[in-house]
Amino acid sequence: MTEPEPGLGQNRIRTLAVLSVPAVLIGVVSALILFALDELSRQLQDLLWDVLPHAAGIDPDGGWWIFGMLTATGLAVGLMVRYLPGHAGPDSAAAELGGSALPLKVVPSLAAVAVLGLAGGVSLGPENPIIAINTAVLTALLARFFRRVPARLVLGLTMAGTVGALFGTPVAAALLFTGMAGAMAGPGALFDKLFLPLVSAGAGAAVMTTLGGTMLPASIPEAGSPGGWDVLAAMAIAPLAAAFGLAGVLAFRWAHRQFRRLRSPVLFTTLGGALLGLLGVLGGPLTLFKGAEESEELLHGQGESFSTLAVLAAVKLAALVVAAAAGFRGGRIFPAVFVGVAFGLAAGALLPDIRADAAVSAAVLGVVLAIARDGWLALFIAVVITGDVTVSAMLCLAILPAWLVVTHAPHMVAEDDGGARPA
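Residues numbered from 1 in each chain as written. Predicted model: local features only at pLDDT ≥ 70, side-chain atom pairs only at ≥ 80, totals over all residues. Heavy atoms only, no water.

(A) Just the overall build of the protein chain, in detail. Looking only at helices and strands, the protein chain has 15 helices and 0 strands in total. Look at the contacts in the protein chain between residues 6 or more apart in sequence, and 81% of them connect residues 24 or more apart. Of the roughly 17,300 Å² that the protein chain leaves accessible, carbon and sulfur atoms contribute 67%. (Helix = DSSP H or I, 4+ residues; strand = E, 2+ residues; numbered from the N terminus. Contact = heavy atoms within 4.5 Å. Areas by Shrake-Rupley, 256 points an atom, 1.4 Å probe, with all protein chains shown as cover.)

(B) Quick look at the side chain of serine 200. With respect to the helices and strands, the residue serine 200 is situated in helix H7 (residues 190-211). Apart from residues no more than four positions distant in its own chain, serine 200 is found in contact with Ala23, Ile26, Gly27, Leu157, Ala160 and Gly161.

(C) Structural detail: the packing of aromatic side chains. Applying the stated criterion to the full structure yields 4 aromatic pairs. Aromatic side chains phenylalanine 167 and phenylalanine 380 sit 5.8 Å apart centroid to centroid with 80° between the ring planes, which places their arrangement in the edge-to-face category. You can see phenylalanine 167 sitting in helix H5 (residues 151-167) and its partner phenylalanine 380 sitting in helix H14 (residues 375-386), a full 213 residues away along the chain. Each member of the pair, phenylalanine 167 as well as phenylalanine 380, is classed as buried. Ring plane angle 40° and centroid distance 5.4 Å describe the contact between phenylalanine 244 and phenylalanine 343, whose orientation is recorded as tilted. Of this pair, phenylalanine 244 sits in helix H8 (residues 228-260) while phenylalanine 343 sits in helix H12 (residues 333-350), and the two are 99 residues apart along the sequence. Under the relative-accessibility criterion, phenylalanine 244 is labelled partly exposed at 24%. (Phe/Tyr/Trp six-rings, centres within 6.5 Å; stacked < 30°, edge-to-face > 60°. Buried < 20%, exposed > 50% of the residue type's maximum accessible area, 1.4 Å probe, protein only.)

(D) A look at the environment of glycine 277. Along the chain, the position of glycine 277 falls in helix H9 (residues 265-283). Its relative accessible area of 0% is what places glycine 277 among the buried residues. Once the C-alpha coordinates of glycine 277 and tryptophan 65 are considered, the two residues, 212 residues apart in sequence, prove to be 8.8 Å apart. Contact partners of glycine 277, with chain neighbours within four places excluded, come to Ile66, Phe67 and Leu70.

(E) Expanded view of the packing of helix H4 (residues 127-145) against H5. One can describe the packing of H4 onto H5 by two numbers: an axis separation of 9 Å at closest approach and a directional angle of 135°. By the angle class used here, H4 and H5 are oblique. Every pair of crossing elements has a handedness; the one defined by H4 and H5 is right-handed. The residues of H5 that touch H4, namely those facing Glu127, Ile130, Ile131, Asn134, Thr135, Leu138, Thr139 and Leu142, are Val154, Leu155, Thr158, Met159, Thr162 and Leu166. (Axes fitted to C-alpha atoms, helices over the stretch in contact; angles between N-to-C directions. Parallel < 35°, antiparallel > 145°, perpendicular 65-115°, else oblique. Left-handed = near helix turned anticlockwise from the far one by under 90°.)

(F) Highlighting unusual backbone geometry. Phi at arginine 263 is positive, roughly 70°, even though this residue is not glycine. Topologically, arginine 263 is positioned in the loop between H8 and H9. Notably, phenylalanine 289 is not glycine yet its phi reads approximately 65°, a positive angle. Following the sequence through the fold, phenylalanine 289 ends up in the loop between H9 and helix H10 (292-299).

(G) A look at the confidence of the model for the protein chain. This prediction gives the protein chain a mean pLDDT of 84; 87% of its residues lie at or above 70. Here residues 1-9 is a poorly scored stretch, pLDDT under 50, and it has 19 contacts once near neighbours within four places are set aside; other chains count. Here residues 416-423 is a poorly scored stretch, pLDDT under 50, and it has 26 contacts once near neighbours within four places are set aside; other chains count. (pLDDT = per-residue confidence, 0-100.)

(H) Examining the pattern of salt bridges more closely. A full pass over the atoms with the stated rule returns 6 salt bridges. The salt bridge partner of arginine 42 is glutamate 293, with a shortest N-O separation of 2.9 Å. Residue arginine 42 is located in helix H1 (residues 12-55), and its partner glutamate 293 is located in helix H10; the two are separated by 251 residues in the primary sequence. Assessed through its relative accessible area of 27%, glutamate 293 is described here as partly exposed. For aspartate 91, the salt bridge goes to arginine 260, with nearest N and O atoms at 2.2 Å. Within this pair, whereas aspartate 91 is found in the loop between helix H2 (63-83) and helix H3 (107-120), its partner arginine 260 is found in helix H8, the two being separated by 169 residues in sequence. For the pair shown, aspartate 91 and arginine 260 are each scored as buried. (Salt bridge = Lys/Arg side-chain N within 4 Å of Asp/Glu carboxyl O.)

(I) Layout of the nonpolar core. Phe167, Leu298, Val341, Leu365 and Ile381 are the most contacted members of the largest nonpolar core, which totals 120 residues. Counting 12 residues, the second-largest nonpolar core is a separate cluster that includes Leu16, Leu142, Leu153 and Leu157. (Core = buried A, V, L, I, M, F, W, Y, C linked by side-chain atoms within 4.5 Å.)

(J) Looking closely at the environment of leucine 288. With respect to the helices, strands and loops of the structure, leucine 288 is situated in the loop between H9 and H10. Relative accessible area serves as the criterion here: at 3%, leucine 288 is assigned to the buried category. Taking the C-alpha atoms as reference points, leucine 288 and leucine 118, 170 residues apart in sequence, are found 9.6 Å from one another. In contact with leucine 288, other than residues within four places in its own chain, are Trp49, Ile66, Leu70, Gly121, Gly280, Glu294 and Lys316.

(K) Representation of the packing of H1 against H4 within the structure. It is at 10 Å that the axes of H1 and H4 come closest, and there the two elements cross at 135°. The angle between the axes of H1 and H4 places the two elements in the oblique class. Classified by chirality, the crossing of H4 by H1 is right-handed. Where H1 abuts H4, its residues Pro22, Leu25, Ile26, Val29, Ser30, Ile33, Leu34 and Leu37 lie against Ile130, Ile133, Asn134, Val137, Leu138, Leu141 and Leu142. Its residues placed into classes, the contact of H1 with H4 shows 13 nonpolar, 2 polar and no charged. (Nonpolar A, V, L, I, M, F, W, Y, C, P; charged D, E, K, R; others polar.)

(L) Looking closely at the side chain of histidine 87. Its place among the elements puts histidine 87 in the loop between H2 and H3. Overall, histidine 87 belongs to the buried group, its relative accessible area being 18%. Within polar-contact distance, the side chain of histidine 87 engages the backbone oxygen of valine 81 at 2.9 Å. (Polar contact = N/O pair within 3.5 Å; in protein donor to acceptor, adjacent residues only side chain to side chain.)

Here it is in structure tokens:
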């Protein structure tokens, strides 16, 4: 006999209605914290990459500034991880999205390290730190004002609210939670189990849209409905892009072990920052930062050559590997999207008769699938990047061979959390 879900009594309708109140609160607070962290990082980025170099008469896109800024960012992050209370929490390299709630004392150092990494040009997104921060804050908040809400439910709703805010729509959270909800024991339809996550995600998305819109603004210019050759090309590009992403996953696991041999986070994050600086010099400003705005710039660019696009894809993947392995706190989805965009445009340069949105969406699907290992999330992002729902049928076919490529491959998660505490 199965046990009922935590927090759901016999009167499911009344319980869901009552729990909708804290679910809305969780979504709203998740979005507000995300917006504050993102806005703070933007202001700091403007200071570091615009105000300071121009005041000093230096080109911010020049190699010396890129190398120096990323090296300095690595040193600063390492010092924070080593000496600040809480040590910026567990290493993002050793954790999937979500997880148990961190103590509140960890939040200031984790927020400081995440903001500095985003502003300093590190090739990681905000998703891992912001979910951890929101979970810590909201677990403490609801334990004080909504004591009867189970802690496990708070964790799930916080993740849903944050994902909804990140992408500006509750659909991403619904897809992400479908697999989880389907595996839950207990009575009730699947949508009953998705109800509260959708409430939280919808509230988070509504607040974030009101404040500033989605954090994934990239979209491909419309090109009509895909044809037969587009579908075949997508079914070839997606598994190739997935294999390309898996090369980064394997390199990440090796690089993480090598960085941890230095023992001290001050040493391995400084070295990581220097390597990111060299990669930034090689790839240029487009390969810096989390990759959302850069993806949009690349999609609406002047039509770079195959060799240029291939270099951008390889450099960004290498930067993602180094940033994730070297102790920086951040997520991998946004830079993975940039890698997929560059890979897809490169494939389109080789196959000019194939529609750009077919090539790019299939490549984004493959890379995100390899990096995040979530088919629903990869499908969602691949559709969003096109801005055209008519590609969904094509992508549902393209994900099948891509899934065969990644299904038994290792995940992009380190075997230990070597950067969680100073040596």
